[in-house]
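Observations on chain architecture
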Amino acid sequence: MIYRLLALNIDGTLLQSNGRITKSTKEAIEYVQQKGIYVTLVTSRSFPSAKKVAKALKLGSHIVTHQGALIANDIEKPIYVNRIPEELTYDIVRFLEGFICQVRLVHEKFSLANKSKLNHNMLAKTVFSSGDPVFYSHQFVDVLSEVLLEEPVSPPKMEVYFEEKRDLLDAKEVLEKMFDSINIIQINEYRLEILPTGVSKMNGLLYLAEKLGIKQKEMVVIGNNMDDLEIIEAAGLGVAMGNAPNELKIAADWVTRSNNQDGVAYMVKEHFRKQQPIEFLRKMNIIK
């Protein structure tokens, strides 16, 4: 099989635990691009945060961000964007304010959140270690719904961080019954992501591939988290990182090394060295 697109998750896949990209990973991405493979990122991160990683890898491609809600190369010229309507955003925030949680509206140009009283430190790590560039504004307010009454926001994604696991399950159950125009993804025991209906990493990647004229079976996807499961199962070659949950490894076609052991570089060099450059394959009339 000839593969023409490589899609990569960021956190836990491209990045090591310290948040860095190794030299060997950068070299591997450059190597595969030289073969004519379209390399993209598929991430729950905001566009500015993901774009910073794309620049470090010297990618000039469109990237799938906000869990699939925004696809772009230039923030001012997205090829796809889907948002949660302003009124629906307000209604969801009002409901969630009944729980001990932080609600974060993740716009492509800023994030807006209520001030948190959460005791565990996972939230602080997520918000302040997410790699967002300094020009990406994080605004924290006392009562989020009051701010939205004055200045409505229509975000591509909402993130919700709970103090109690039970609250997350209760909120998720009620939200799914109350609103049929949102897609709710449980990231872990304390975090939910709320998206417009129909939005997912899977649909975002398929949209981009269709725009590029690339078939689903021609895609290689590398991921490490459960929100990568669908695209790993659907890709022509689905790859799980060594640090991925067992469920993801079982679903994958290939399991590479962990993110701290250069798993992306190892997989890319092992597999793509066997594939001729795309331009050569075209000259030989093997592909169009």
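Residues numbered from 1 in each chain as written. Predicted model: local features only at pLDDT ≥ 70, side-chain atom pairs only at ≥ 80, totals over all residues. Heavy atoms only, no water.

Observations concerning the overall build of the protein chain
A tally of helices and strands in the protein chain yields 12 helices and 14 strands. Within the protein chain, the proportion of its 288 residues that are buried is 53%. Taking as baseline every contact in the protein chain between residues at least 6 positions apart, the subset at least 24 positions apart corresponds to 64%. Only carbon and sulfur atoms are counted for the fraction: they give 48% of the accessible area of the protein chain, which is about 13500 Å². (Helix = DSSP H or I, 4+ residues; strand = E, 2+ residues; numbered from the N terminus. Buried < 20%, exposed > 50% of the residue type's maximum accessible area, 1.4 Å probe, protein only. Contact = heavy atoms within 4.5 Å. Areas by Shrake-Rupley, 256 points an atom, 1.4 Å probe, with all protein chains shown as cover.)

Notes on the confidence of the model for the protein chain
Mean pLDDT over the protein chain stands at 89; residues scoring 70 or higher make up 89%. A low-confidence stretch, residues 124–131 (pLDDT under 50), is modelled with 13 contacts involving residues beyond four sequence positions or located in other chains. (pLDDT = per-residue confidence, 0-100.)

Quick word on the nonpolar core
Membership of the largest hydrophobic core comes to 32 residues, with the highest contact counts inside it found for Leu6, Leu8 and Leu41. When residues in this core are grouped by element, the largest group, 5 residues, is from helix α11 (residues 263–272). In this structure, Ile92, Leu96, Leu148 and Met158 belong to the second largest nonpolar core, which totals 27 residues. (Core = buried A, V, L, I, M, F, W, Y, C linked by side-chain atoms within 4.5 Å.)

Observations regarding helix α2 (residues 23–34)
Across its 12 residues, α2 extends 17 Å between first and last C-alpha, which sits within 8% of the 16 Å expected from 1.5 Å per residue. Considered for burial, the residues of α2 that qualify are Ser24, Thr25, Ala28, Ile29 and Val32. Buried residues of α2, viewed axially, fall in a sector of 140°; they line one side. Pointing more than 90 degrees away from the buried face of α2 are the exposed residues Lys23 and Gln34. Its buried side turned inward, α2 meets β1 (5–8), α1 (10–14), β2 (38–41) and α11. Residue Gly36 follows α2 closely and has a positive phi angle near 90°. (Expected span 1.5 Å × (residues − 1). Arc of directions from axis to C-beta.)

A closer look at the pairing of strand β12 (residues 219–223)
By the criterion of burial, β12 is predominantly enclosed, with 5 of the 5 residues buried. Burial along β12 is two-sided: the face carrying Met219, Val221 and Gly223 and the face carrying Val220 and Ile222 are both buried. Bridge analysis of β1 against β12 gives 4 bridges, and the strand direction is parallel. Across the sheet, residue Leu5 finds its bridge partner in β12, namely Met219. Here β12 pairs with strand β13 (residues 237–240) via 4 bridges, running parallel. Directly across from Val221, in β13, lies its bridge partner Gly238. Between the parallel pair β12 and β13, the chain is carried across by helix α9 (residues 229–234), and the sense of this crossover is right-handed. (Pairing = 2+ DSSP bridges. Right-handed = clockwise from strand over helix to strand, strands pointing away.)

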